[in-house]
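Listed below are the residues making up each chain.
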Amino acid sequence: MKRSRLVMGPVLFHWDEDRKKDFYSRIADETDVDTVHVGEVVCAKRMPFFDKHLPDVVERLQRSGKEVVLSTLALVMNEREVSQIRDITQMPDIMVEANDISVVRLLAGQPHMIGPYINTYNEGTLSYFAEKGAKRIALPWELPMSSITALCGAQTAAEIEVQVFGRMPLAISARCYSARAQGLHKDGCRYVCGDHLDGMDVETLDDTPFLAVNGLQTLSSHYVEMSDNITQMQNAGVTAFRLSPHSLDMTRVSDLYRQVLARKTDPEELRHRLKEMRFPMDFANGFLHEAPGAEFRQKHAQQAE
């Protein structure tokens, strides 16, 4: 069996510089991850905090044998951000991931990635992106297994990637929810999104976990965990499996998923080890089974394989 690509997605949260540098150092030195995403996806205002460290981070990751992908904003809103994106797309020797459809035109004709924020829902769309130069296409989070199988069956040279761990981005807006929750305006947000390492939890009126807020972004409260279906996805043709970084030990998380990808451990053992980390999370994989996204269908997933 061909080795599956294990991908560490971009950090979606506003971590401080030291935490973020330490994260990438550990990923470079301590993991068997094939591809690592860097760059700001959620809010352009955060970019100056870490962009100055990117050359060193990229160099260290590449020196350790990792492929580095530079992820772009999921929502490009003004001329300044367009200019920033244009500069990124012209950088040599690094793969760029488009997360806003406007970036695709700038990347046309050169090798690049299509991120999960762009709606690749059918074979025609996938083929169009592949013809424009996309070498790997990360599918949106809400697709069921039947759609993933159909997209893998499209006759293109592009790899197919699916996120198998982490909170799901559900929406992104021009408004900053984190600032508004503190009675602040977006322009004077004081970067309060950084107070919550994994997003600010949101509950319903009866105290039921509902969503998580990360600046402009709305995330699921639950954490996607799709190890039950990894073998099924591998057989269908998915070649890359993404982990979304959170504040728990991602080196350990990546090791567990590498073992599942290599069929050296089973999904039940993986979930047991995740729970041992004492990190509060409820699992979900409902979208994969054409059910509400927050549901977890363990038995159904096992039967499907």
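How each quantity is defined
- Residues numbered from 1 in each chain as written.
- Predicted model: local features only at pLDDT ≥ 70, side-chain atom pairs only at ≥ 80, totals over all residues.
- Heavy atoms only, no water.
- Helix = DSSP H or I, 4+ residues; strand = E, 2+ residues; numbered from the N terminus.
- Rg over C-alpha atoms; globule rule 2.2 N^0.38 Å.
- Contact = heavy atoms within 4.5 Å.
- Lys, Arg positive; Asp, Glu negative; His and termini not counted.
- Charge placed at Lys NZ, Arg CZ, Asp CG, Glu CD.
- Salt bridge = Lys/Arg side-chain N within 4 Å of Asp/Glu carboxyl O.
- Buried < 20%, exposed > 50% of the residue type's maximum accessible area, 1.4 Å probe, protein only.
- Phe/Tyr/Trp six-rings, centres within 6.5 Å; stacked < 30°, edge-to-face > 60°.
- Lys NZ or Arg CZ within 6 Å of the ring centre and 35° of its normal.

A. Region of interest: the overall build of the protein chain. Along the protein chain, the regular secondary structure elements total twelve helices and twelve strands. Taken over the C-alpha trace, the protein chain has a radius of gyration of 18 Å; the compact-globule value for 305 residues is 19 Å, and the two agree within 12%. Long-range pairs, those at least 24 residues apart, make up 68% of the contacts in the protein chain between residues at least 6 apart in sequence. The averaged location of the 43 negative side-chain charges in the protein chain is 2 Å from the averaged location of its 35 positive side-chain charges.

B. Focus on the pattern of salt bridges. All told, the structure shown has 24 salt bridges when counted by the stated rule. Across the pair Arg3 and Asp32 runs a salt bridge whose closest N-O atoms are separated by 2.8 Å. Of this pair, Arg3 sits in the segment before strand 1 (5-8) while Asp32 sits in the loop between helix 1 (17-30) and strand 2 (35-38), and the two are 29 residues apart along the sequence. Relative accessible area serves as the criterion here: at 40%, Asp32 is assigned to the partly exposed category. Among the salt bridges present, the one from Glu159 reaches Arg5, with a minimum N-O distance of 3.1 Å. Here Arg5 lies in strand 1 and Glu159 lies in strand 7 (residues 159-172), a separation of 154 residues in the sequence. Each of the salt bridges in this network shares a partner with another, and the network as a whole consists of Arg5, Glu67, Glu97, Arg136, Glu159, Glu161 and Arg242.

C. A look at the packing of aromatic side chains. For the structure shown, the criterion picks out ten aromatic pairs. Aromatic pair Phe23 and Tyr24: ring centres 5.1 Å apart, planes at 70°, arrangement edge-to-face. Given a relative accessible area of 9%, Phe23 falls into the buried group. Looking at Tyr24, the relative accessible area reads 3%, which means it is buried. A centroid spacing of 5.9 Å and a plane angle of 55° characterise the contact between Phe165 and Tyr257, whose relative ring orientation is tilted. Here the residue Phe165 occupies a position in strand 7, and Tyr257 occupies one in helix 10 (residues 250-261), the gap between them amounting to 92 residues. Looking at Tyr257, the relative accessible area reads 0%, which means it is buried. Arg19 extends its terminal NZ or CZ atom over the ring of Trp15, reaching a point 5.8 Å from the ring centre. Lying over the aromatic face of Phe50, Lys20 brings its terminal NZ or CZ to 4.9 Å of the ring centre.

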